[in-house]
Amino acid sequence: MDDLQESALAKLSFAALCVDMLVCFFFWLSLKEVFFHGGISPLAASLLPAVVLAHALIVEIFLFGRSIGRLCCGISLSDPDPRRTLSLGVRITRFAGALLSFIRAPVHFRHLPRHNKSERIVFKSDIAGRSSARAQPFGSMAASVAAKPAAPSAPSPARRLVVTAGPHKGNSFSIQSPQMNIGRVAGWANIVLERDGKVSARHCRLLMRNGYLSIADGPDRGTPSSNGTYLNGMRIGNETFQTVPPSSQIQIGDTTISLSP
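Note that the structure is a prediction, hence the values are computed from the model and not measured. (Residues numbered from 1 in each chain as written. Predicted model: local features only at pLDDT ≥ 70, side-chain atom pairs only at ≥ 80, totals over all residues. Heavy atoms only, no water.)

Undergrad: Looking at this model, I keep getting lost on the environment of Phe241. Mind explaining?
TA: Looking at the secondary structure, you find Phe241 in the loop between strand 10 (234–235) and strand 11 (242–243). Taking relative accessible area as the criterion, Phe241 reaches 4% and is therefore assigned buried. (Helix = DSSP H or I, 4+ residues; strand = E, 2+ residues; numbered from the N terminus. Buried < 20%, exposed > 50% of the residue type's maximum accessible area, 1.4 Å probe, protein only.)

Right, here's the structure in full:
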């Protein structure tokens, strides 16, 4: 996903939030009318944040991220693997992240909040230029958001990653999904290099799009890996994805990886 798409989704997310806040406000008015006969008292006023908190809890944990505002704006949240549903742990993390986002930082109109950037969450919105058929994991999003890679002279035919040096020498990994992660933690990482002590638990991300392979360091934007990721001897950043030309070598810790058709 490029910056324009993220900005569109951020604005849609804010619009959805405004709709949900209106829903909470009208629900609070109804409760105030029933229990306080329309009057304003400190207790009645304190009921409004309680309604908002209960709404967030129900939406994020029990309704799998579905809310009236998101439905109205064409945004939905789901696991990139259709055979799975969002686990309770992921839903609780989203709820806690939503609370922390509003406490620690103001709403940003160009970037999605960090709690919406779980590797196991995808955003799907035709309005933002992303349909269900084309949705991809928005990988630890803050940093997984990819700038559009500059196209090399020809698409990389690589479909496998072959380890040519390091503790995992001889192993190969097929590129099976549009976005994959490399690290020492199984579950987050699709390619696990547990025997290389210099590989971070969440080291780097790969993105395959339109036949091109690109790579970004770290689990997300602004969070680099401990020892860095190198492409043909040059250290890459984690703000944007960098295109991997054919015949390139990727250095991750003591592990060297090359591309193979």
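Structure shown, so let's carry the discussion forward.
Undergrad: Would you explain the sheet that holds strand 3 (residues 160–165) in this entry?
TA: Paired through backbone hydrogen bonds, the strands of a sheet run either parallel or antiparallel to each other. Taken together, the 6 strands give an open sheet; going across it, the order is 4-3-13-12-9-10, and neighbouring strands pair in antiparallel fashion. The sheet terminates laterally at strand 4 (172–174) and strand 10, the two strands that pair on one side only. Sheet topology places strand 9 (residues 229–231) next to strand 12 (residues 249–252); 3 bridges connect them, and they run antiparallel. When the sheet's bridge partners are listed, Thr229 is paired in strand 12 with Ile252. (Pairing = 2+ DSSP bridges.)

Undergrad: Quick question: what am I supposed to make of the pairing of strand 13 (residues 255–260) here?
TA: Within a regular strand, side chains alternate between the sheet's two faces. Most of strand 13 sits out of view: 5 of its 6 residues are buried. Summarising the sheet, strand 12 and strand 13 pair through 4 bridges and their orientation is antiparallel. Its bridge partner being in strand 13, Ile252 is matched across the sheet by Thr255.

Undergrad: What am I meant to see in the packing of aromatic side chains here?
TA: Any two aromatic rings considered together are summarised by their centre-to-centre distance and by the angle between their planes. Evaluated as defined, the whole model comprises 2 aromatic pairs. Taking 5.8 Å as the distance between ring centres and 40° as the angle between the ring planes, the aromatic pair formed by Phe25 and Trp28 counts as tilted. Here the residue Phe25 and the residue Trp28 both occupy positions in helix 1 (residues 3–36), the gap between them amounting to 3 residues, near one helical turn. An aromatic cluster of three or more residues is present, and its members are Phe25, Phe26 and Trp28. Of note, Lys32 hangs over the ring of Trp28, and the distance from its end group to the ring centre comes to 5.5 Å. (Phe/Tyr/Trp six-rings, centres within 6.5 Å; stacked < 30°, edge-to-face > 60°. Lys NZ or Arg CZ within 6 Å of the ring centre and 35° of its normal.)

Undergrad: Honestly, unusual backbone geometry in this entry has me stumped. Any pointers?
TA: Outside of glycine, negative phi angles account for most residues, and trans bonds account for most peptide bonds. Even without being a glycine, Asn232 presents a positive backbone phi close to 55°. Secondary-structure assignment places Asn232 in the loop between strand 9 and strand 10. For Asn232, a relative accessible area of 45% corresponds to the partly exposed category. Residues other than glycine seldom take positive phi values, yet Ser247 does so here, at roughly 65°. You can see Ser247 is positioned in the loop between strand 11 and strand 12. Given the relative accessible area of 73%, Ser247 is considered exposed.

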